[in-house]
Amino acid sequence: MKNIVIVGGSKGIGLEITKLLYNNNKVYVLSRTAEELAGLNITHIPFDVTADQLNLELLPEVVDQFVYCPGSINLKPISNLKQESFQSDMQINFFALTDLFQAILPRLKKSNQASVLFFSTVAVSVGMPFHASIAAAKGAVEGFTKSVAAELAPGIRVNAIAPSLTHTSLADKFLNNERKLEAAKSRNPLQEIGDPKKIATTAVHLLSDDASWITGQIIHIDGGMSTVKTS
Ligand SMILES: NC(=O)c1ccc[n+]([C@@H]2O[C@H](COP(=O)([O-])OP(=O)(O)OC[C@H]3O[C@@H](n4cnc5c(N)ncnc54)[C@H](OP(=O)(O)O)[C@@H]3O)[C@@H](O)[C@H]2O)c1
């Protein structure tokens, strides 16, 4: 039984990770809401990553796995992007991640087989119009992932998953009618939108001891979007 801290484990991909892990582990979810966690045997800690200070007394002395899920998708032409947009994307995707990671690191160091998982986006490896702000913020996450994986090896493994468009509340505004859904599918090499459950199974594998030889990797779960061209 491992102690697992999932920031943003209450919705979307994070919720699916929580559902796969809570039966056999002690799972702590930090998020603003908890409605979708009803009935799950987890510890919920109300927390806003952009506003709150972490109370470490609510977390266990040893943390075996740490996952950070909060993110954003604000797409704008570069000429309309204000400094505040860059700052808010950096805040939720990167600065809050580094704050929490640094706070929890001493407890990860107490684990025998610690592992960490972050989230990036396909838009870091493939240039996409209107993604300048989110691509920059997630680019920071990717650089951070590789650097801390090097610094903390062999004790702590650190990886990231870079999805393309996936069916969650975050992406709903791009998928909320049949026309948008079909257009999004048609842009993907596998002609599908991401399924948070399928991303969660890879996430759980990367976190687990079965992935003990995987660190510093950005795993692209994106229907081939980052590497495959079909026409
Ligand atoms: N979905 C996609 O198409 C897609 C594509 C590429 C990359 N990604 C990345 O994948 C990751 C997961 O995305 P997702 O689609 O699963 O997102 P999601 O459905 O919006 O879920 C995000 C989770 O983070 C929590 N969260 C958001 N803002 C928070 C805040 N200020 N403080 C505390 N918790 C907060 C949410 O819980 P509460 O609302 O309860 O706080 C929720 O549990 C993100 O980093 C995203 O950038 C997603």
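Look a little higher up for the structure.
A brief report on the enclosed structure follows. (Residues numbered from 1 in each chain as written. Predicted model: local features only at pLDDT ≥ 70, side-chain atom pairs only at ≥ 80, totals over all residues. Heavy atoms only, no water.)

**As for the layout of surface pockets**
To find the voids left in a structure, one rolls a probe of water-molecule size over its atoms.
Phase 1 of the analysis: Within this model, the largest pocket holds a volume of roughly 1,200 Å³.
Phase 2 of the analysis: Forming the boundary of the largest pocket are 50 residues, of which Ser72, Ile73, Thr168, Leu170 and Ala171 lie nearest the centre.
Phase 3 of the analysis: At the level of secondary structure, the elements contributing two or more residues to the lining of the largest pocket comprise helix H1 (12-21), strand S2 (26-31), helix H3 (122-125), helix H4 (132-152) and helix H6 (178-187).
Phase 4 of the analysis: A per-element tally of the lining of the largest pocket places H6 first, with four residues.
Phase 5 of the analysis: Looking at side-chain class alone, the lining of the largest pocket contains 25 nonpolar, 18 polar and seven charged residues.
Phase 6 of the analysis: The volume enclosed by the second largest pocket comes to roughly 210 Å³.
Phase 7 of the analysis: Along the wall of the second largest pocket there are 15 residues; nearest its centre are Glu192, Ile193, Gly194, Asp195 and Gly223. (1 Å grid on protein atoms, 1.4 Å probe; cavity = no way out; pocket = protein on both sides within 12 Å on 5 of 7 lines; lining within 4 Å. Points joined across faces, edges and corners; volume = space filled by probe spheres on them. Helix = DSSP H or I, 4+ residues; strand = E, 2+ residues; numbered from the N terminus. Nonpolar A, V, L, I, M, F, W, Y, C, P; charged D, E, K, R; others polar.)

**Here's the deal with the sheet that holds strand S5 (residues 114-119)**
Phase 1 of the analysis: Spatial ordering of the open sheet is given by S3-S2-S1-S4-S5-S6-S7, a layout of seven strands whose pairing is parallel. Across the chains shown, the open sheet's two edge strands, defined by having one partner strand only, are strand S3 (43-46) and strand S7 (218-221). Taking the axes of each pair of neighbouring strands and ignoring which way they run, one obtains an average angle of 15 degrees across the sheet.
Phase 2 of the analysis: Where strand S1 (residues 3-7) meets strand S4 (residues 65-68), four bridges bridge the pair, whose relative direction is parallel. Within S4, the residue paired with Ile6 across the bridge is Val67.
Phase 3 of the analysis: Sitting on the sheet, H1 is in contact with S1, S2, S4, S5 and strand S6 (156-163), with an inclination near 165 degrees to S1.
Phase 4 of the analysis: Contacts between H4 and the sheet are confined to S5, S6 and S7, with S6 contributing the most and set at about 160 degrees to the helix. (Pairing = 2+ DSSP bridges. Axes fitted to C-alpha atoms, helices over the stretch in contact; angles between N-to-C directions. Contact = heavy atoms within 4.5 Å.)

**Some points on the side chain of Ser120**
Phase 1 of the analysis: Relative to the assigned elements, Ser120 resides in the loop between S5 and H3.
Phase 2 of the analysis: A polar atom in the side chain of Ser120 sits 2.6 Å from the side chain of Glu142.
Phase 3 of the analysis: For Ser120, the residues in contact, after removing those within four places along its chain, are Lys138, Glu142, Ile161, Ala162 and Pro163. (Polar contact = N/O pair within 3.5 Å; in protein donor to acceptor, adjacent residues only side chain to side chain.)

**Some thoughts on the environment of Ser120**
Phase 1 of the analysis: Residue classification places Ser120 among the buried positions, given a relative accessible area of 5%.
Phase 2 of the analysis: Each C-alpha atom, one on Ser120 and one on Ser164, is 9.4 Å from the other, the two residues being 44 residues apart in sequence. (Buried < 20%, exposed > 50% of the residue type's maximum accessible area, 1.4 Å probe, protein only.)

**Describing the packing of helix H2 (residues 83-108) against H4**
Phase 1 of the analysis: Following both chains from N to C, one finds H2 and H4 inclined at 20 degrees, their axes separated by 7 Å at the closest point. If you check the angle between H2 and H4, you find them roughly parallel. Crossing hand, H2 versus H4: right-handed. Residues Ser85, Phe86, Asp89, Met90, Asn93, Phe94, Leu97, Thr98, Phe101 and Leu105 of H2 touch H4, and the partners they reach there are Ala132, Ser133, Ile134, Ala136, Ala137, Lys138, Ala140, Val141, Phe144, Val148 and Leu152.
Phase 2 of the analysis: Of the residues in the contact of H2 with H4, the class split is 15 nonpolar, four polar and two charged. (Parallel < 35°, antiparallel > 145°, perpendicular 65-115°, else oblique. Left-handed = near helix turned anticlockwise from the far one by under 90°.)

**Considerations on the packing of aromatic side chains**
Phase 1 of the analysis: Summed over the entire model, instances satisfying the criterion amount to six aromatic pairs.
Phase 2 of the analysis: Considering the side-chain rings of Phe101 and Phe118, the 5.9 Å spacing of their centres and the 75 degrees angle between planes classify their relative orientation as edge-to-face. Taken as a pair, Phe101 in helix H2 and Phe118 in strand S5 lie far apart in primary sequence, 17 residues in all.
Phase 3 of the analysis: An angle of 45 degrees between the planes, with centres 5.9 Å apart, marks the rings of Phe118 and Phe144 as tilted. Placement of Phe118 in strand S5 and of Phe144 in helix H4 is noted, with a sequence separation of 26 residues between them.
Phase 4 of the analysis: The structure contains a cluster of three or more aromatic residues connected by ring pairs, namely Phe66, Phe94, Phe95, Phe101, Phe118 and Phe144.
Phase 5 of the analysis: Sitting above the plane of the Tyr28 ring, Lys26 keeps its charged end 4.9 Å from the centroid. (Phe/Tyr/Trp six-rings, centres within 6.5 Å; stacked < 30°, edge-to-face > 60°. Lys NZ or Arg CZ within 6 Å of the ring centre and 35° of its normal.)

**Considering the pairing of S2**
Phase 1 of the analysis: S2 sits mainly inside the fold: five of its six residues count as buried.
Phase 2 of the analysis: Judged from the four bridges that link them, S2 and S3 form a sheet pairing that is parallel. Directly across from Tyr28, in S3, lies its bridge partner Thr43.

**Re the pattern of salt bridges**
Phase 1 of the analysis: In total, this model carries five salt bridges according to the counting rule given.
Phase 2 of the analysis: Its salt-bridge partner being Asp209, residue Lys2 comes within 3.2 Å of it at the nearest N-O pair. With Lys2 in the segment before S1 and Asp209 in the loop between helix H7 (196-207) and S7, this residue pair connects regions lying 207 residues apart in the sequence.
Phase 3 of the analysis: Salt bridges sharing partners connect three or more residues here, namely Glu61, Arg107 and Lys110. (Salt bridge = Lys/Arg side-chain N within 4 Å of Asp/Glu carboxyl O.)

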